[in-house]
Amino acid sequence: MRRTVIAGNWKMNMTPAETKAFIEELAPMVKGMDKCDIVLCVPAIDVPAAVEAAKGTNIKIGAENVHFKESGAYTGEISAKMLVAAGVEYVVVGHSERRQYFGETDQTVNLRTLAAVNAGLTAIVCVGETLEQRELGYTETLLKYQTKMALTGISKEQLKNIVVAYEPVWAIGTGVTATADQADEGNGYVRAAIAEVYGKDVAETVTVQYGGSMNDGNAAELLSKVNVDGGLIGGASLKTDKFTAIVKAAN
Ligand code: PGA
């Protein structure tokens, strides 16, 4: 059985005070909804407030990025060890916005994934095709390539600390959601790539999320698909009622 993981990705939103208020409001709403893991990936500056507010609840806290070195002259970066020390359990790696705006490559995504997992974090590794790549017919090839590249050097045992999020770039923040069948197909390519490297049985145990305009209205249908084991949610994770509805759909 694979664990369903519903994770919010707040991106560059919320102050520490807003974080505290949000989690205090959300916690009673999702109390007892334990058939999935509930994660909020928040800006680094909000991590202490989030960890504090989530204490004693079923909400876990994640970060949105991690550097691959343990320490050193990397101005502006944060190490996996620092995140763990702050109480973080999950971290988003290789989000398309980081690939698009911050020069993230398949190599750096791999290094960040390794650093996260080696430090004991669960990495939510994002893969996804652009509209142009989809229209050219490269979706399967690209998803398999990105998945294998990101997981290079990750052992079979370490896969338990890996969640892969299939996020078609054309569906992120656009209000255009992949159809449930497109999501299932994309997630299926990710799982097939994992099977090609680690074997089918192992691939069946890995949580593969869908992300891209998932909301309270479409979550139930997306999550009903066999290959969709949760969601990585941007916009709809910034409203407690919408996020709760998605968690409820997963339960
Ligand atoms: P969205 O973002 O739900 O706002 O489309 C998803 C993501 O980028 O993880």
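Note that the coordinates shown come from a computational prediction; the quantities given were computed from them, not determined experimentally. As a convention, each chain's residues are numbered from 1 in the sequence order in which they are written. Under the rules for a predicted model, residues below a pLDDT of 70 receive no local features and side-chain atom pairs below 80 are neither given nor counted, while totals for whole chains, interfaces and linings still include all residues. Values reported for side chains reflect all heavy atoms of the structure, with hydrogen atoms and water molecules removed beforehand.

A.B. asks: I tried to follow the packing of helix α7 (residues 139–150) against helix α8 (residues 180–198) on my own but got confused; where do I start?
C.D. replies: Two measures define how a pair of helices packs: the angle their axes make with one another and the distance between the axes. Where α7 contacts α8, the two axes come as close as 9 Å, and the packing angle between them is 50°. On the basis of their axis angle, the class for α7 and α8 is oblique. When you trace α7 past α8, the crossing you get is right-handed. On α8, the residues that touch Thr139, Glu140, Leu143, Lys144, Thr147 and Lys148 of α7 are Gly186, Tyr189, Val190, Ala192, Ala193, Ile194, Glu196 and Val197. Classes in brief: Ala, Val, Leu, Ile, Met, Phe, Trp, Tyr, Cys and Pro nonpolar; Asp, Glu, Lys and Arg charged; the others, Gly included, polar. A class-by-class count of the residues in the contact of α7 with α8 yields seven nonpolar, three polar and four charged. Every angle, taken between N-to-C directions, lies between 0 and 180 degrees, and every axis is a line fitted to C-alpha atoms, over only the stretch in contact when it is a helix. Think of it this way: any DSSP run of H or I at least four residues long counts as a helix, any run of E at least two long counts as a strand, and we number them from the N terminus. For classification, angles of less than 35 degrees are called roughly parallel, those exceeding 145 degrees roughly antiparallel, those between 65 and 115 degrees roughly perpendicular, and all remaining angles oblique. By the definition used in this description, the sense in which the near helix is turned from the far one sets the handedness, with an anticlockwise turn below a right angle giving left-handed and a clockwise turn giving right-handed. Residues are treated as being in contact if the distance between any of their heavy atoms lies within 4.5 Å.

A.B. asks: Got a minute to help me understand the sheet that holds strand β2 (residues 36–41) in this structure?
C.D. replies: Each strand in a sheet pairs with its neighbour through backbone hydrogen bonds, running either in the same direction (parallel) or in the opposite one (antiparallel). Should DSSP find at least two bridges between two strands, the strands are taken to pair. Around the barrel, which closes on itself, the eight strands sit in the order β1-β2-β3-β4-β5-β6-β7-β8 with parallel pairing between neighbours. Mean inter-strand twist for the sheet, computed between neighbouring axes without regard to direction, equals 30°. Helix α5 (residues 106–118) contacts β4 (90–93), β5 (122–127) and β6 (162–166) of the sheet and is inclined by roughly 160° relative to β5.

A.B. asks: Honestly, the layout of surface pockets in this entry has me stumped. Any pointers?
C.D. replies: Taking a probe equal in size to a water molecule and rolling it over the atoms shows the remaining empty space. Put plainly, a pocket is an open set of points on a 1 Å grid over the protein atoms alone with protein on both sides within 12 Å along at least five of seven lines, a cavity is a set where a 1.4 Å probe fits but cannot get out, and a lining residue has an atom within 4 Å of a point. Grid points are joined across faces, edges and corners, and a volume is the space filled by probe spheres set on the points. In this structure, the largest pocket spans a volume of roughly 590 Å³. Lining the largest pocket are 23 residues, with Lys11, Met12, Glu64, Asn65 and Arg98 positioned closest to its centre. Among the elements that make up the lining of the largest pocket, the one with the highest residue count is helix α4 (residues 96–101) (three residues). Taken together, the residues of the lining of the largest pocket sort by class into twelve nonpolar, six polar and five charged.

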